[in-house]
Every structure is written in structure tokens, then in C-alpha cells.
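Now for the letters of each chain:
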Amino acid sequence: MSRIFPIALYACVTLILLLCAIPPSHIPYAETLRQWKFFYVSIILLGIILFILVTAVNDEYKSYYYRSVSFALLLTGGVESLWGILQMCSILPSFNSTHIVTGSFFNSGPYACYLAMCIPVGIELIHQTNETHKRIVCFVVALMFMLLIVTMSRTGCLAAFISVLCYFCISKPFLNDRKLLWNGKRRLSYVILFIFVSILLIISMFTLCKIDSAKNRIQIWKIELLAIAEKPNGYGRGQFQMAFSNAQERLHEKSEAVPLDYISAPYHAFNEYLSLAIEYGVATFSGAMLLIFFLFRYLYRKKKYGLFCALLSLAVSSIASYPFHFPLFVMSLLLLFCCPLVDYIFVHRAKYIIMPLSILVVLFYVCFLNIHLKQQKIKACLNWSAIRVYWGMRLDERAYPLYQAMFKEMKWNDMFLYEYGALLSRCGKYKISNDVMFELSLRNSDIAPLLTIADNFINLGQYKSSEFILCKARNRQPNKILPYYKLIKLYSCREYYNYCRLQETINNVEKLRISVVSPATNQMMREIEKIKGYEMH
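Residues numbered from 1 in each chain as written. Predicted model: local features only at pLDDT ≥ 70, side-chain atom pairs only at ≥ 80, totals over all residues. Heavy atoms only, no water.

## Points about the overall build of the chain
Item 1. A tally of helices and strands in the chain yields 24 helices and 0 strands.
Item 2. Out of the 537 residues in the chain, the part that is buried amounts to 49%.
Item 3. Counting contacts in the chain only where the partners sit at least 6 residues apart, residues at least 24 apart contribute 71% of the total.
Item 4. By element, 64% of the accessible surface of the chain is carried by carbon and sulfur atoms, the whole surface being about 27,100 Å². (Helix = DSSP H or I, 4+ residues; strand = E, 2+ residues; numbered from the N terminus. Buried < 20%, exposed > 50% of the residue type's maximum accessible area, 1.4 Å probe, protein only. Contact = heavy atoms within 4.5 Å. Areas by Shrake-Rupley, 256 points an atom, 1.4 Å probe, with all protein chains shown as cover.)

Below is the structure:
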């Protein structure tokens, strides 16, 4: 029992993380759907492990849970690193056309953030293992460092730098080796000072590296703060894009000048803290921060410095990335939160022996329900992928009945809604198309649904409504030329001619800074110049 139990526990906890690291699917707007399905399978396995720990295991085996979490993080980071090397050698495919190394993610940014989370755990295990295992752990940590540099992720590198430096500042082996005179309150004051210096490093790195990207990110955060100020109670789950687009519309309506900062339609908040406050409210955000603070405090008091710095790395990554949109990060955080939970239940398990069983039953029911729902969505997406060829080839007569039959089970997918709405518009069903596109525009910050609605109103002869929608699209993304182009075409047509607004819109186009120049934008600019020359004569 003394040998079998630790090995079984290490294997099961590692399996929990590896189940969340399966390859992402290529379903538009649902790349992580299959990973979330296995996430609930992992939760069931985690529930069984915790139930066995608190009911059938002696107190002497309690410490093995901490080691199993550290071992699982290290091994998962090693698997991700090996995955990245195979992608660099073109043995395994990358899941993003613009990034060579992505691991089990579809973007190199979150991949680098997860490696940064695993590195301090590996450094701690170097101090705790024997000479034979130490060489293996050193090799894995070096591998993670190498892949982290290859990704060229600013957020990931900064998170790794801060977490590793923090580990060397607070860990006992390093302090004993260097004979530093830190103890008690003095060490805590140095840690607080270190946090402030880290914040300054974050600001300086965003300013110096990729200045345009940093300014864009800062502008996104400003708009998110405006959205929070407008509705502190939260907009609801999954309503970030709607809140962001509405806040940007109101910001541009108040400003007469066209902003120079180009803000597209962000699918993520690029700040998990602001995203939490936008969707669930300031009160929920405050409660979550309090829980994180107590977890930091618990890990520090238990001297689990590797797990403490792993949590710190995750906290830093959450400032400028979107790790909690991936089940692997969520499961890693759950494993860390289970550390104080296991301790508490071990102490009070004589009183609460029935509670773990009841919680386990509820957990099984919820997880099996979510697994069934995810499987239904996956099947629906596979069926949709089979009929998308008709939409792409504009075989509208064959595509329309198939899309109509799948509408109820696929209305959660933004890409499906857009394709269905565009298909209805091409079939001449403008009112139904507007209903579908309006529903999509409420939860998506892109302007494509609004432009389709405006075109539908023009086909229906409702030019005033079309103008209103085009102005809404212009305010939502002020530096996109397409809404201005459609407004100029609307003001210059015979049925809705307006000379003053036409000239005003043309003058605004001349002030635009087009971030992406393409043949389509050049063609629109040439047509605008023709209309301008015709109006002058």
C-alpha cells in the first residue's frame, strides 16, 4: 500500500490534466468544445480521487496530494514541450496557421503561459528529488524554457520571469544557500516590494515591445473599464462582446474626432480580471480575488513554494491573456484549490463523512449532463461541417433547407448564425435574415451582422433604418472603412440623396488610418474618390 498508493495517485492526477490537453478541434468558434467535454470527465475522476482520499486513506498519505499535483504539472508541461518540438520538426501539425508552435492549444500565447506556470514547479522538484531524478527534471525544465522562448510570447516570458524570481526570493533552499538575512515580516515586505516592481516591469514591457499592439491592448482595457462602470452588476455569462461593442459605440458617439487607436472586434478580453467583472459583476470579482488571496496565503504558509509560484504565474498571465478560456488552465487551478480542501476535510472528516458522498453524487449528475450536451454539440458541428460546402459554393437552394433544419441545435454557434443569416439574405428572406443577424449582433462585436442587416433594409426600401444600422456599425469599429463606404453609397443614391451628410462622411474617410490595406480597400477608396469628384462638379 505504501508504494502502490503514491504511484496510483500520481498517475490519476496526471491523467486528469492530460485529458484536458487533447488536440483542439477545427470547428469555427468551438475549437475547445472537445476539450471541455473531457474536462468534465476529469472532474468526475478528480471527485473520485478526493472521495477516496478523505474516506479510505490514513492521514499519513495526505501529503502525497501536494506532490501529485506538482508531478502532474511538471509532466503535463513536459508533454506540451515535446508536442511543441514535434510541431517545430513538422512531425505534428500546428493548430494555427500563423504560429508554428502551439502545443495542444490553438494559439502560442496560452501555450507559453502554461509552460510559464509549470516551470517554477519543476525548479522546486529539482531541490526535492535525488540525483537520478534531478537530471530528468532539469532536462524537462530546460525543454520548457526553450519552447517558451520559441513562442516569443511577451506575457508568457514575463510570467515565467516573475514566478521564477519570486521562487528564488522566498524558497528555503535558495535562502539557506545564499545565507540571506530575511525572516518573518522583513521577507514579507520584500515580497510586497517585489510585486510592485513586477507591475512596473509589466508596464515597461508592454510599452517597449510591440508598441502598437500594447497601445491596442491598453485601449481595449479602457473600453472594458467603461463597460464595468456602466453596469457594475455584470452583463451575464458570455456577454463580453456585447458589453464591449456597446461601450465602444457610446465612446465614439461622444467623440467628434475619429480615434487613432485601431480597435477591431476582440473575441477575448485579454484580461481575465476585467472579463470576470464585466460578465459577473464587481461583487463576484471581489469574491474571486478574496479566494485567490486565501489560496496564495495557504500555499505560502504550507511552504509549497513551487505551487505558490505556479499560481503567481497564472495570475500574471491573466493580466494580458485569456488562460481561463482553456480547460487545462481551469483544471490546474481546481487542483490547486483542492489543496486546502483536502486538508480541511482530513481534519473534520469525522463530522462530514456523509457530505463527500452527497457532493460526489451531485457532481456526477452535473458532469454527465454536461458531457451529454457537449457530445450533442460536437455531433451537430460535424453535421454542419458536411453541409458548409453548399454555402461556400452558393448553392442556396440546397443549403437553405439543411441550414433551416439545423438552426435550433446550432444557434449557439456565432459562425453558423452568420452563415444562416447571409443565406436567408441571398434567398430574399430579408426580414427573417434580420432577426437572425440581430440576435447575433447582440452577442458578437463584429460589424458583419450589422452590415448584412443594413443591406437587407436597403432591399426592403427602408433607407432610414439602413442608415441607423450603418452608423451603429461605424461607431462600433470606427477605423473600418466598409461602414463609411456603405454610408457614402447610401447618401449618393437617388432614393436617399443627402449632400451634407455625404460630404461629412467623405471628410471622415480622409481622416481614417487604415491598418490593413488590401485590394478591396483600394477599390473602395477609388470609388469614393469618383463620387467625391462627381459631387464637386
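## A few points about the side chain of Ser42
Item 1. Considering the arrangement of structural elements, one finds Ser42 in helix H2 (residues 33-56).
Item 2. Excluding its chain neighbours within four sequence positions, the residues that come into contact with Ser42 are Ile16, Leu19, Cys20 and Met331.

## Here we look at helix H20 (residues 448-459)
Note: α-helices contain 3.6 residues per turn, so residues at a spacing of three or four share the same orientation.
Item 1. In a regular helix each residue adds 1.5 Å, so 12 residues correspond to 16 Å; H20 covers 17 Å between its end C-alpha atoms and thus fits that length.
Item 2. Of the positions making up H20, those classed as buried are Pro449, Leu450, Leu451, Thr452, Ile453, Ala454, Asn456 and Phe457.
Item 3. With its phi angle positive at about 80°, Gly461 sits one or two positions after the end of H20. (Expected span 1.5 Å × (residues − 1).)

## Overview of the packing of H20 against helix H22 (residues 481-492)
Item 1. Running from amino to carboxyl end, H20 crosses H22 at an angle of 10°, the nearest separation of the two axes being 11 Å. Classed by the angle they form, the pair H20 and H22 counts as roughly parallel. Contact residues: H20 offers Leu451, Asp455 and Ile458, while H22 offers Leu482, Pro483, Lys486 and Leu490.
Item 2. Each residue belonging to the contact of H20 with H22 can be placed in one class, and the counts come to 5 nonpolar, no polar and 2 charged. (Axes fitted to C-alpha atoms, helices over the stretch in contact; angles between N-to-C directions. Parallel < 35°, antiparallel > 145°, perpendicular 65-115°, else oblique. Nonpolar A, V, L, I, M, F, W, Y, C, P; charged D, E, K, R; others polar.)

## Let's talk about the environment of Ile488
Item 1. Within the secondary structure, Ile488 is located in helix H22.
Item 2. Looking at Ile488, the relative accessible area reads 0%, which means it is buried.
Item 3. Residues Ile488 and Gln503, spaced 15 residues apart in sequence, show a C-alpha to C-alpha distance of 8.6 Å.
Item 4. With sequence-adjacent residues up to four places away left out, Ile488 is seen in contact with Leu502, Thr505, Ile506, Val509, Ile528 and Ile531.

## Thoughts on the packing of aromatic side chains
Item 1. One pass over the structure, following the stated rule, counts 24 aromatic pairs.
Item 2. Between Phe407 and Tyr420 the ring centres are 5.2 Å apart and the planes differ by 35°, which places this aromatic pair in the tilted class. Taken together, the residues span a long stretch of sequence, with Phe407 in helix H17 (residues 407-410) and Tyr420 in helix H18 (residues 414-426) at a distance of 13 residues. Judged on exposure class, the residue Phe407 and its partner Tyr420 are both buried.
Item 3. Through successive ring pairs, a cluster of aromatic residues spans Phe105, Phe106, Tyr111, Tyr114, Phe270, Tyr322, Phe326 and Phe329.
Item 4. The side chain of Lys304 reaches across the aromatic face of Tyr66, ending 4.6 Å from its centre.
Item 5. Seen from the ring of Trp412, Lys377 lies directly overhead, with NZ or CZ sitting 4.8 Å from the centre. (Phe/Tyr/Trp six-rings, centres within 6.5 Å; stacked < 30°, edge-to-face > 60°. Lys NZ or Arg CZ within 6 Å of the ring centre and 35° of its normal.)

## Focus on the pattern of salt bridges
Item 1. In the structure shown here, the tally under the stated rule is 9 salt bridges.
Item 2. The salt bridge partner of Lys489 is Glu527, with a shortest N-O separation of 3.8 Å. In this pair, Lys489 sits in helix H22 while Glu527 sits in helix H24 (residues 519-536), placing the two residues 38 residues apart along the sequence.
Item 3. With relative accessibility at 39%, the residue Lys489 sits in the partly exposed group.
Item 4. The exposure class of Glu527 is partly exposed, given its relative accessible area of 22%.
Item 5. A network of salt bridges, in which partner residues are shared, links Glu249, Lys472 and Arg476. (Salt bridge = Lys/Arg side-chain N within 4 Å of Asp/Glu carboxyl O.)

## Description of the environment of Leu482
Item 1. Within the fold, Leu482 resides in helix H22.
Item 2. A relative accessible area of 30% means that Leu482 is categorised as partly exposed.
Item 3. Separated by 35 residues in the primary sequence, Leu482 and Ile447 place their C-alpha atoms 9.4 Å from one another.
Item 4. Non-local contacts of Leu482, meaning those with residues more than four positions away in its chain, are made with Leu451 and Met524.

## Observations concerning helix H19 (residues 430-441)
Item 1. For H19, which comprises 12 residues, the first-to-last C-alpha distance of 16 Å matches the rise-based estimate of 16 Å (1.5 Å per residue) to within 8%.
Item 2. For H19, every residue scored as buried is listed here: Ser433, Asn434, Val436, Met437, Leu440 and Ser441. Buried residues of H19 fall within an arc of 170° about the axis and therefore sit on the same side. Within H19, the exposed residues directed more than 90 degrees away from the buried face are Lys431 and Asp435.
Item 3. Packing partners of the buried residues in H19 comprise H17, H18, H20 and helix H21 (463-476). (Arc of directions from axis to C-beta.)

## Focus on the nonpolar core
Item 1. Formed by 85 residues in total, the largest nonpolar core has its most connected members in Tyr65 and Tyr114.
Item 2. With 13 residues, helix H4 (residues 108-128) is the largest single contributor of residues to this core.
Item 3. Filtering out sequence-adjacent residues up to four positions away, Tyr114 remains in contact with Leu17, Leu73, Thr76, Gly77, Glu80, Phe105, Leu328, Phe329 and Ser332. (Core = buried A, V, L, I, M, F, W, Y, C linked by side-chain atoms within 4.5 Å.)

## Regarding a nonpolar patch on the surface
Item 1. There is a patch of nonpolar side chains on the surface, built from Val362, Tyr365, Val366, Leu369 and Leu373 and spanning about 480 Å² of accessible area.
Item 2. Summarising the element assignment, Tyr365 is placed in helix H15 (residues 355-392).
Item 3. Residue class for Tyr365 comes out exposed when judged on its relative accessible area of 59%. (Patch = residues over 30% accessible without salt bridge, like charges linked within 9 Å, V, L, I, M, F, W, Y side chains within 5 Å.)

## Looking at the packing of helix H11 (residues 272-280) against helix H12 (residues 282-301)
Item 1. Direction vectors running N to C along H11 and H12 enclose 135°, while the axes themselves pass 7 Å from each other. Relative to H12, the element H11 is oriented oblique. Across the interface between the two elements, Tyr273, Leu276, Ala277 and Tyr280 of H11 pack against Val282, Thr284, Phe285, Ala288 and Met289 of H12.

## Here's the deal with unusual backbone geometry
Item 1. In this structure, Met152 is a non-glycine residue whose phi angle is positive, near 55°.
Item 2. Phi is positive for Lys303, close to 60°, though the residue is something other than glycine.
Item 3. Tracing the backbone through its elements, the reader meets Lys303 in the loop between H12 and helix H13 (305-320).

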